[in-house]
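# Coordinate inspection notes
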Amino acid sequence: MVENPSFGRKLFIAGNYTFMIFLAFVCLFPLIHVLAVSFSSSGAAAAGKVGLWPVEFTTKAYQYVMNKEEFVRSFGISLQRLGLGTVINMVMCVLIAYPLSKETRDFKLRTVYVWYFFVTILFGGGLIPTYMTVKNTGLMDTIWALVLPNAVPVFNVILLLNFFRGLPKELEEAAFIDGAGHMRTLWSVFIPLSKPVLATVLLFTMVGHWNAWFDGLIYMNDPAHYPLQSYLQTVIIQQDMSAMSDNEVEMMKELSNQTVKAAQIFLGALPIIAVYPFLQKFFVKGIVLGSVKG
């Protein structure tokens, strides 16, 4: 028989729901406000009249942004970076985590390699050595400068490694008995059972690549090669009106700095917002299962 919760328990649950709703609103408020500003008229945005709902609804800011060559080009570069970077990161993480998940008796140098990768979390070469490495390897002003320097995110490797170590050993032994090798076992046994942690690592990787802006500024000499976030940084933080064409200046008279910036910010965040709901259900399970076992 299930007992009715006490008054204190009901009060605790109500308080939890109230707090979480308030926290969700605080997190969503900036995004909703940016969206409202992007759909508002220039006068309403400049006067600070916009809250959570557009004032004098218009889509001129989005029309301007979508016809802006620099924005479209940088958006395409970010998509290219996202595709290449995600594939390289995921492949490298899986191929490194699988052998490191073995026992020392099966892989004698496991401890050496684990420490080799772990030390990179504690100590880094710094910006100047990294920049010199990218420059001397001929990667400057190429998409590879945005992808290869961070091809092995060690934190993600550790999540996968710990998850692999938690899988039943008998499954791997059964695969070996059936004649499967390591690659076949990895692909047919480990990967299908690791969907939660793989989805978590995939989300980390996608968000990391999409939101990165600093490497684009230091590795790209030509602004035409900037990814989206680097381009937005130059537009929003270091906007140069003198770089605009006469046509853009005329259009800006009908728009507003705030509405154009808001439209670009929202469009920049939209791909991750669209992907996150599909991966979120795996997130909590993956991050917990991939982090509790040593």
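Predicted, not measured: the structure shown is a model, and the values here were computed from it. (Residues numbered from 1 in each chain as written. Predicted model: local features only at pLDDT ≥ 70, side-chain atom pairs only at ≥ 80, totals over all residues. Heavy atoms only, no water.)

## Observations concerning the side chain of S74
You can see S74 is positioned in helix α4 (residues 69–100). The residues touching S74, leaving out its near neighbours within four places in the chain, are Y226, P227, L228 and Y231. (Helix = DSSP H or I, 4+ residues; strand = E, 2+ residues; numbered from the N terminus. Contact = heavy atoms within 4.5 Å.)

## Considering helix α8 (residues 154–166)
Between its first and last C-alpha, α8 extends 19 Å over 13 residues, near the 18 Å set by a 1.5 Å rise per residue. Buried within α8 we find V154, N156, V157, L159, L160, L161, N162, F163 and F164. (Expected span 1.5 Å × (residues − 1). Buried < 20%, exposed > 50% of the residue type's maximum accessible area, 1.4 Å probe, protein only.)

## As for the nonpolar core
The biggest cluster of nonpolar side chains holds 35 residues, and the ones touching the most others in it are V65, F71, V134, A145, Y219, L228 and Y231. When residues in this core are grouped by element, the largest group, 6 residues, is from helix α15 (residues 257–289). Sequence-distant contacts of L228, that is, excluding residues within four places in its chain, are made with F71, S74, F75, S78, W210 and G268. Counting 25 residues, the second largest nonpolar core, distinct from the first, contains A97, Y98, F117 and L160. (Core = buried A, V, L, I, M, F, W, Y, C linked by side-chain atoms within 4.5 Å.)

## Some thoughts on the layout of surface pockets
If you add up the space inside the largest pocket, you get close to 650 Å³. For the lining of the largest pocket, the secondary-structure elements that each account for two or more residues are α5 (110–122), α6 (127–136), α7 (144–147), α8 and α12 (214–219). (1 Å grid on protein atoms, 1.4 Å probe; cavity = no way out; pocket = protein on both sides within 12 Å on 5 of 7 lines; lining within 4 Å. Points joined across faces, edges and corners; volume = space filled by probe spheres on them.)

## Quick word on a nonpolar patch on the surface
A cluster of nonpolar residues, F22, F25, V26, L28, F29, L31, I32, L52, L270 and I273, forms a patch on the protein surface that exposes about 810 Å² of accessible area. For the nonpolar patch, the secondary-structure elements that each account for two or more residues are α1 (7–38) and α15. Topologically, F22 is positioned in helix α1. Taking the relative accessible area as the measure of exposure, F22 reaches 53% and is therefore exposed. (Patch = residues over 30% accessible without salt bridge, like charges linked within 9 Å, V, L, I, M, F, W, Y side chains within 5 Å. Areas by Shrake-Rupley, 256 points an atom, 1.4 Å probe, with all protein chains shown as cover. Salt bridge = Lys/Arg side-chain N within 4 Å of Asp/Glu carboxyl O.)

## Regarding the confidence of the model for the protein chain
On average, residues of the protein chain carry a pLDDT of 83, and 87% of them reach 70 or more. Per-element confidence in the protein chain ranges from a low mean pLDDT of 58 for helix α14 (residues 246–254) to a high of 94 for α7. Low confidence marks residues 290–294, where pLDDT is under 50. Its contacts with residues over four positions away, or in another chain, come to 12 contacts. (pLDDT = per-residue confidence, 0-100.)

## A word on the packing of aromatic side chains
What describes a pair of aromatic rings is the distance from one ring centre to the other and the angle between the planes of the rings. Across all of its chains, the model carries 14 aromatic pairs by this definition. Seen from their ring centres, F25 and F29 are 5.9 Å apart, and the 50 degrees between their planes marks the pair as tilted. In this pair, F25 and F29 both sit in helix α1, 4 residues apart, roughly one turn of the helix. For F25, a relative accessible area of 43% puts it in the partly exposed group. Using a relative accessible area of 35% as the deciding quantity, one classes F29 as partly exposed. Here the aromatic residues F71, F75, W210 and Y231 are joined through ring pairs into a cluster of three or more. (Phe/Tyr/Trp six-rings, centres within 6.5 Å; stacked < 30°, edge-to-face > 60°.)

## Considerations on the environment of T259
Mapping T259 onto the fold places it in helix α15. By relative accessible area, which is 1% here, T259 ends up buried. Separated by 200 residues in the primary sequence, T259 and T59 place their C-alpha atoms 9.7 Å from one another. Residue contacts for T259: discarding those within four places in its chain leaves V37, S38, S40, S41, S42, A45 and A61.

## What about the pattern of salt bridges?
Summed over the entire model, instances satisfying the criterion amount to 5 salt bridges. The closest approach of N and O atoms between R81 and D215, which form a salt bridge, is 2.7 Å. Highlighted residues: R81 in helix α4 and D215 in helix α12, separated in sequence by 134 residues. By relative accessible area, R81 is classed as buried at 2%. Take D215: its relative accessible area is 12%, and that puts it in the buried class. The residue E172 makes a salt bridge to K169 at a minimum N-O spacing of 3.5 Å. In this pair, E172 and K169 are both assigned in helix α9 (residues 169–177), 3 residues apart and thus about one turn of the helix distant. If you follow the salt bridges from partner to partner, you end up with K102, D106, K169 and E172 in one network.

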